[in-house]
Amino acid sequence: MTHHQQPSAHPTARRRRRAPLRTLGLAAALLLPFAAAGCGTGSAADDNAGGAKSGGTLVIGATGKLPNPDTVIGGAGFEGKRLVSFQLYEGLTRYDLSKADGPAPITGALATSWKVADDERSWTFTLRKGVKFHDGTAFDADAVLFNLDRYLNKKSPHYTDTLGAAAGEYAGGITQYTKLSDDRVRLVTKEPNGHFPQDLAHVLIASPTAVKKTGSAKFSDHPVGTGPFRFVRQQSADQIELARFEDYWRGAPRLDKLVVKALPDPAARTAALRSGAVNWIEYPNPDDIPSLKSDGVQVVTNHYDHLWYWILDTTAGPFKDPRVRRAANYAIDREAIAENLLHGTAAPAEQAAPRGTFAYDPANDTYGHDPAKARKLLAEAGYAEGFSTSVTVPTGGSGNLIPVPIAEAVQRDLAAVGIDVEIRTTDWSTLIAAEAKGKVARDSQAIAQSTTLFQSEALLPLFIGTDSPFWTGHYSNPKVDKLLASAGTATDRAAREADYTEALKLVTEDAPWLFVVNDRNPRAISPAVRGFVQPQSWFLDLTTVRVDR
């Protein structure tokens, strides 16, 4: 199969119009009328044209720590990748984030087209000509091989274990990489990999000249990529400053500067927005949204690939019984959590597939609020008198919304049917570090957190596949494993989507998780910020954004 990118075309996946944002006690959506679809800012005709005209400085308040700016190392979740890594670097492919009405598809970035051979393992990529790194180095096939060596070849002087481990999630299946010409490379994977083009959006390409100049140990002090913004300085661990890259191959961004500040405290983010210290904040506290709107702030949302859930231990204790897991799901009043607590910034999650993804089918919504059914199932499982359990909850972190208040709401709903839950809090870094070792921080029977399922298909088996190295509640279903294997190797997109949809239908029935809400990705933006399109994605295109003075 061959992929070709047309210069003026934006291929899209199946589209679904987003539901209007509803909030408790408000008759109208929170979005100000800056875009016809309600999920962007400014005039498309005016703002979608890049160029050298001054576009001001955008200052973003992030919810978590800033990532290590050395290519794939990151370390701050998808928030760090969207705000920093994807602004500095690109892979051979990228997400097309120009539309708001469907999941963001993969399109060409440093490659213009690709073709997979009949063996479904050998991929030939035609590279984009005329691309320059921020330091003026020309991008070509040698740059691709240099970076793959840096990530995969332990004999490379620029390889580090940290880089290798980070790149392994997306490039670990590459067994060969060969230069065919200055503008063509062949990459061979160990097994057929249908989502390989998506994986390569995360295999970021750095300037070989810059890496050789600083060495890998110091490259994070002077990172150089081909992305729309170039590195200026990182004044502290809490702030990084980028500037418009005038020679960016898609056209120079509108913004003069992009500054990202780490503001993990929600009150601090809101205060910074109101004071003018920032003009954009990620995930505003839902309680602050009505007053922010009254102050003229734009609050934009869209469905995307997100699930806030509890991972249950399916091999021990009461949650070993699927009837107990289903009972717990029926006990949750998701509508109240989405509307009363989160003020319409999230939607009820009544199945495993997140809204805003191709796998979501309303017919598979299963777990409405039904306490009577929950009690009946508990009685059938031998827990008519209920039981006690525990959950570890992060105090914050990328995509985790307001985790403790949500967990407390779930706790109250479960208590109403006889399940008494002890909430044990910890910080996000501790939780995910333990989970990566197959453990649960604070030794609970469940973990509360958020996840993406399809934003990176390479990671899906880690969430719902058997024998995952991560702690995922030890869930196992051979039918799900078979569907994952079929989908992972299929280069036909429709076949992959069908397999994934069926797999998540089975996960919904097995209920290894408490499905709670799907976030709508709210961000609060100053009225001076124009030209932004809110995609159905964790990631963002900031090239069209400007800040009016």
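Conventions and cut-offs
Residues numbered from 1 in each chain as written. Predicted model: local features only at pLDDT ≥ 70, side-chain atom pairs only at ≥ 80, totals over all residues. Heavy atoms only, no water. Helix = DSSP H or I, 4+ residues; strand = E, 2+ residues; numbered from the N terminus. Rg over C-alpha atoms; globule rule 2.2 N^0.38 Å. Buried < 20%, exposed > 50% of the residue type's maximum accessible area, 1.4 Å probe, protein only. Contact = heavy atoms within 4.5 Å. Areas by Shrake-Rupley, 256 points an atom, 1.4 Å probe, with all protein chains shown as cover. Lys, Arg positive; Asp, Glu negative; His and termini not counted. Charge placed at Lys NZ, Arg CZ, Asp CG, Glu CD. Salt bridge = Lys/Arg side-chain N within 4 Å of Asp/Glu carboxyl O. pLDDT = per-residue confidence, 0-100. Pairing = 2+ DSSP bridges. Core = buried A, V, L, I, M, F, W, Y, C linked by side-chain atoms within 4.5 Å. Polar contact = N/O pair within 3.5 Å; in protein donor to acceptor, adjacent residues only side chain to side chain. Axes fitted to C-alpha atoms, helices over the stretch in contact; angles between N-to-C directions. Parallel < 35°, antiparallel > 145°, perpendicular 65-115°, else oblique. Nonpolar A, V, L, I, M, F, W, Y, C, P; charged D, E, K, R; others polar. Expected span 1.5 Å × (residues − 1). Arc of directions from axis to C-beta.

Undergrad: Describe the overall build of the chain, with residues and values.
TA: The number of helices and strands found in the chain is 16 helices and 22 strands. Scaling as 2.2 N^0.38, a compact globule of 549 residues should have a C-alpha radius of gyration of about 24 Å, and the chain matches this with 23 Å. Once the C-alpha set of the chain is aligned to its principal axes, its extents read approximately 70 × 55 × 40 Å. Classification of the 549 residues of the chain by burial places 59% in the buried group. Contacts in the chain between residues far apart in sequence, at least 24 positions, make up 72% of those at least 6 positions apart. Accessible area for the chain stands at about 20800 Å²; split by element, carbon and sulfur atoms hold 50% of it. Side chains of the chain carry 61 positive and 62 negative charges; the gap between the two charge centres is 4 Å.

Undergrad: I'd like a description of the pattern of salt bridges, backed by residues and values.
TA: Summed over all chains, the structure comprises 22 salt bridges. Taking the shortest distance from any N to any O, the salt bridge between Arg 82 and Glu 282 comes out at 2.8 Å. Of this pair, Arg 82 sits in helix H2 (residues 77–88) while Glu 282 sits in strand S12 (residues 280–282), and the two are 200 residues apart along the sequence. Of the two residues, Arg 82 and Glu 282, both sit in the buried class. Between Asp 256 and Arg 244 there is a salt bridge, with its nearest N and O atoms 3.2 Å apart. One end of the pair, Asp 256, is in the loop between strand S10 (239–244) and strand S11 (257–262); the other, Arg 244, is in strand S10, and 12 residues separate them in sequence.

Undergrad: Go over the confidence of the model for the chain, please, and point to the residues and values.
TA: Do not read the fine detail of predicted coordinates wherever pLDDT is low. Mean pLDDT for the chain: 90, with 91% of residues reaching 70 or above. Low pLDDT (under 50) marks residues 1–38, which in the prediction has 92 contacts with non-local residues, meaning those over four places away or in another chain. A low-confidence stretch, residues 43–51 (pLDDT under 50), is modelled with 20 contacts involving residues beyond four sequence positions or located in other chains.

Undergrad: Describe the pairing of S10, and please don't skip the residues or the numbers.
TA: One face of the sheet, then the other: side chains in a regular strand alternate in exactly this way. With respect to burial, S10 is a largely interior element, 6 of its 6 residues being buried. Bridge count between strand S9 (residues 229–236) and S10: 5 bridges; the pairing is antiparallel. Pairing of Phe 231 across the sheet is with Leu 242, part of S10. One ladder, built from 5 bridges, connects S10 with S11; its direction is antiparallel. Looking at the pairing, Leu 242 lines up with Leu 258 of S11.

Undergrad: Outline the environment of Ile 402, listing residues and values.
TA: By secondary structure assignment, the location of Ile 402 is in the loop between strand S16 (387–394) and helix H12 (403–415). Given a relative accessible area of 11%, Ile 402 falls into the buried group. Distance from Ile 402 to Thr 366, taken between C-alpha atoms, is 25 Å for residues 36 residues apart in sequence. Those residues within four positions of Ile 402 in sequence are excluded, and the remaining contacts are Tyr 283, Pro 286, Leu 341 and Leu 342.

Undergrad: A description of the nonpolar core should follow, citing residues and the corresponding values.
TA: Of all hydrophobic cores here, the largest spans 142 residues; its most connected members are Leu 58, Leu 92, Phe 125, Phe 139, Trp 310 and Ile 464. Other than its neighbours up to four places away in sequence, Phe 125 contacts Leu 92, Ala 111, Ser 113, Trp 114, Asp 183, Arg 184, Val 185, Leu 187, Phe 196 and Leu 200. With 12 residues, the next largest nonpolar core counts Leu 263, Leu 273, Val 297 and Ala 524 among its residues.

Undergrad: Quick rundown of the side chain of Asp 413? Include the residues and the values.
TA: Residue placement: Asp 413 occurs in helix H12. For the buried Asp 413, no salt bridge is present, and the opposite-charge side chain at shortest range is Arg 412, 6.3 Å distant. Of the polar contacts made by the side chain of Asp 413, one reaches the backbone nitrogen of Asp 333; its length is 2.9 Å. Beyond its immediate chain neighbours, meaning those up to four positions away, Asp 413 contacts Ala 331, Ile 332, Asp 333 and Ile 337.

Undergrad: Describe the packing of helix H3 (residues 141–152) against helix H4 (residues 161–171), listing the residues and the values that go with them.
TA: At a minimum axis distance of 7 Å, the contact between H3 and H4 shows a crossing angle of 115°. Classified by the angle between their axes, H3 and H4 sit roughly perpendicular to one another. Of the residues in H4, those in contact with Arg 150, Tyr 151 and Leu 152 of H3 are Leu 163, Gly 164, Ala 167 and Ala 171. Looking at the contact of H3 with H4 residue by residue, the classes come out as 5 nonpolar, 1 polar and 1 charged.

Undergrad: Describe the side chain of Ser 450, with residues and values.
TA: For Ser 450, the location among the structural elements is in strand S18 (residues 446–451). Given the relative accessible area of 8%, Ser 450 is considered buried. In terms of polar contacts, Ser 450 uses its side chain to reach the backbone carbonyl oxygen of Gly 399, at 2.9 Å. Discounting residues that sit within four places of it in the chain, Ser 450 has contacts with His 306, Leu 307, Trp 308, Tyr 309, Ser 398, Gly 399, Asn 400 and Trp 538.

Undergrad: Can you break down the sheet that holds strand S2 (residues 57–62) residue by residue, with the values?
TA: Whenever strands of a sheet pair, they do so through backbone hydrogen bonds, lying parallel or antiparallel. Reading across the sheet, the 7 strands line up as S9-S10-S11-S2-S12-S20-S13 and stay open at both edges, with mixed pairing between neighbours. The strands lining the two open edges of the sheet, one partner per strand, are S9 and strand S13 (298–300). Within the sheet, the average angular offset between the axes of one strand and its neighbour, ignoring direction, is 20°. Contacts from helix H7 (residues 266–275) reach S2, S12 and strand S20 (523–525), with the element oriented near 165° to S12.

Undergrad: Explain the pairing of S18 to me, and be specific about the residues and the numbers.
TA: Across the 6 residues that make up S18, a large majority, 6, are buried. As defined by bridge partners, strand S14 (residues 307–312) adjoins S18 across 6 bridges and the pair is classed as antiparallel. Bridge pairing links Leu 307 to Thr 451 in S18.

Undergrad: Can you tell me about H12, naming the residues and giving the values?
TA: In this model H12 runs 18 Å from its N-terminal to its C-terminal C-alpha over 13 residues, within 8% of the 18 Å that 1.5 Å per residue would give. Within the span of H12, buried status applies to Pro 403, Ile 406, Ala 407, Ala 409, Val 410, Asp 413 and Leu 414. The arc that holds the buried residues of H12, viewed along the axis, is 155°, so those residues lie on one side. Summarising the contacts, the buried residues of H12 are in contact with S14, helix H9 (322–330), helix H10 (334–341), S16, strand S17 (419–426) and strand S19 (513–519).

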